[in-house]
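Architecture and fold: a report
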Amino acid sequence: DAGVTQSPTHLIKTRGQHVTLRCSPISGHKSVSWYQQVLGQGPQFIFQYYEKEERGRGNFPDRFSARQFPNYSSELNVNALLLGDSALYLCASSLRPNPDTQYFGPGTRLTVL
Amino acid sequence: QKEVEQNSGPLSVPEGAIASLNCTYSDRVSQSFFWYRQYSGKSPELIMSIYSNGDKEDGRFTAQLNKASQYVSLLIRDSQPSDSATYLCAVNIGPGANNLFFGTGTRLTVIP
């Protein structure tokens, strides 16, 4: 079975631009969470969606937004990119909303110049 | 105050030895605990989950949880060079969203 998939793999943007990252969960999983991992740190929670509703939000500015589609795939949007947004963006899926084991996708490496 | 703390390492052990990785957490209501392995440039890969006090074994890996001491550990027996990676401790600090709080990770190197 396919695991969590994410696209694109790598992305280079300039300050002030907008970016959209995409995630498809493991088949049958209805919960998707997004994390940001900067170099040398552990992943930091951004959002969780379950059944198309936001279930949790981390300590990130309003420039970050997300949504989940009827097929349970998800998008993470970041507006007005800053240099500090450069990171590995990870999507994780789980069967149930909480608590449940989360499985991570390969990530999207975002570089902001 | 950080919610999850790990020794950043690096931790070096010879091949065949036992590697011991430790993690403490601050929130007493934490319910579920996870160890992930992350190779350089890759995403975290689940190794173990543990929910109850005591030990949980899976092959060469043993997770230990002590909720009274707010402490969780991972033992890797018969360490192999392929175990060289960063090990992330993650805690689900409920209730509410299924969001994990991660430590900064411990870098393990197994020396052949």
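Everything below is about the structure shown above.
Residues numbered from 1 in each chain as written. Chains lettered and ligands numbered in written order. Predicted model: local features only at pLDDT ≥ 70, side-chain atom pairs only at ≥ 80, totals over all residues. Heavy atoms only, no water.

**Considerations on the overall build of chain B**
The helix and strand inventory of chain B stands at 0 helices and 11 strands. Ordered by position in the sequence, the α and β elements of chain B form the string β-β-β-β-β-β-β-β-β-β-β. The C-alpha atoms of chain B give 13 Å as radius of gyration, which agrees with the globular expectation for 112 residues (13 Å, within 12%). Considered along the principal axes of its C-alpha atoms, chain B spans approximately 45 × 30 × 20 Å. The buried share of chain B, reckoned over its 112 residues, is 46%. (Helix = DSSP H or I, 4+ residues; strand = E, 2+ residues; numbered from the N terminus. Rg over C-alpha atoms; globule rule 2.2 N^0.38 Å. Buried < 20%, exposed > 50% of the residue type's maximum accessible area, 1.4 Å probe, protein only.)

**Some thoughts on the interface of chain A and chain B**
If you look at the interface, chain A gives 25 residues, while chain B gives 21 residues. Taken together, the two surfaces of chain A and chain B that pack against each other cover about 1,600 Å², and 52% of this comes from carbon and sulfur. Sorting the residues of chain A by area buried against chain B places A:Asn98, A:Gln102 and A:Phe104 first, and these three jointly supply 28% of that buried surface. In this assembly, chain A and chain B are joined by 0 salt bridges. Going through the elements one at a time, β4 (31-37), β5 (44-50), β6 (53-57), β9 (87-94) and β10 (103-104) of chain A are the ones with two or more residues in the side of chain A that touches chain B. (Contact = heavy atoms within 4.5 Å. Buried area = accessible area lost by both parts, 1.4 Å probe. Salt bridge = Lys/Arg side-chain N within 4 Å of Asp/Glu carboxyl O.)

**Thoughts on the side chain of A:His29**
Residues and elements named next belong to chain A. Considering the arrangement of structural elements, one finds His29 in the loop between β3 (19-24) and β4. With relative accessibility at 11%, the residue His29 sits in the buried group. Only 3.4 Å separates the side chain of His29 from the backbone nitrogen of Ser94, close enough to count as a polar contact. Dropping the residues within four chain positions of it, His29 is found in contact with Tyr72, Ser93, Ser94, Leu95 and Tyr103. (Polar contact = N/O pair within 3.5 Å; in protein donor to acceptor, adjacent residues only side chain to side chain.)

**So, the nonpolar core**
Within the largest apolar cluster, 24 residues are counted, with the highest numbers of intra-cluster contacts made by B:Trp35, B:Val72, B:Leu74, B:Ile76 and B:Tyr87. Going through the elements one at a time, β3 (19-25), β4 (32-38), β5 (45-50), β7 (61-66), β8 (71-76), β9 (85-92) and β11 (106-111) of chain B are the ones with two or more residues in this core. Not counting residues within four places of it along the chain, the set of residues in contact with B:Ile76 comprises B:Ala17, B:Ile18, B:Ala19, B:Leu21, B:Arg60, B:Phe61, B:Asp83, B:Tyr87 and B:Leu108. Judged by nonpolar contacts, the second largest core, of 22 residues, contains A:Ile26, A:Phe60, A:Ala87 and A:Leu110. (Core = buried A, V, L, I, M, F, W, Y, C linked by side-chain atoms within 4.5 Å.)

**A word on the sheet that holds strand β1 (residues 4-6) of chain B**
Residue and element names in this part refer to chain B. A sheet is described by the order of its strands in space; here 5 strands give the open sequence β1-β3-β8-β7-β6, paired in antiparallel fashion. Both edges of this open sheet fall to β1 and β6 (54-58), since each of them pairs with a single strand only. On average, adjacent strands in this sheet sit at an angle of 20 degrees to one another, irrespective of strand direction. As paired elements, β1 and β3 share 3 bridges and run antiparallel to each other. From the neighbouring strand, Gln6 faces β3, where its bridge partner is Cys23. (Pairing = 2+ DSSP bridges. Axes fitted to C-alpha atoms, helices over the stretch in contact; angles between N-to-C directions.)

**Things to note about the sheet that holds strand β7 (residues 64-68) of chain A**
Residues and elements named next belong to chain A. Spatially, 4 strands are ordered β1-β3-β8-β7 in an open sheet, and the strand pairing comes out antiparallel. Of all strands in the sheet, those with a lone pairing partner are β1 (5-7) and β7, marking the two edges. In this sheet, neighbouring strand axes are inclined to one another by 15 degrees on average, regardless of whether the strands run parallel or antiparallel. Pairing analysis gives 5 bridges linking β3 to strand β8 (residues 74-78), with the strands arranged antiparallel. For Cys23, the partnering residue across the bridge sits in β8 and is Ser74.

**Let's talk about the pairing of β5(B)**
All names here are of chain B. Note that β4 and β5 share 5 bridges and pair antiparallel. Opposite Arg37, over in β5, you have Glu45 as the bridge partner. Linking β4 to β5, which pair antiparallel, is a turn of 6 residues; within it Gly41 sits at a positive phi near 80 degrees.

**Side note on the environment of A:Val78**
Residues and elements named next belong to chain A. Along the chain, Val78 turns up in strand β8. For the pair Val78 and His18, spaced 60 residues apart in the sequence, the C-alpha separation amounts to 5.7 Å. Val78 has contacts with Gln17, His18, Val19, Arg63, Phe64 and Asp85, leaving out every residue within four places of it along the chain.

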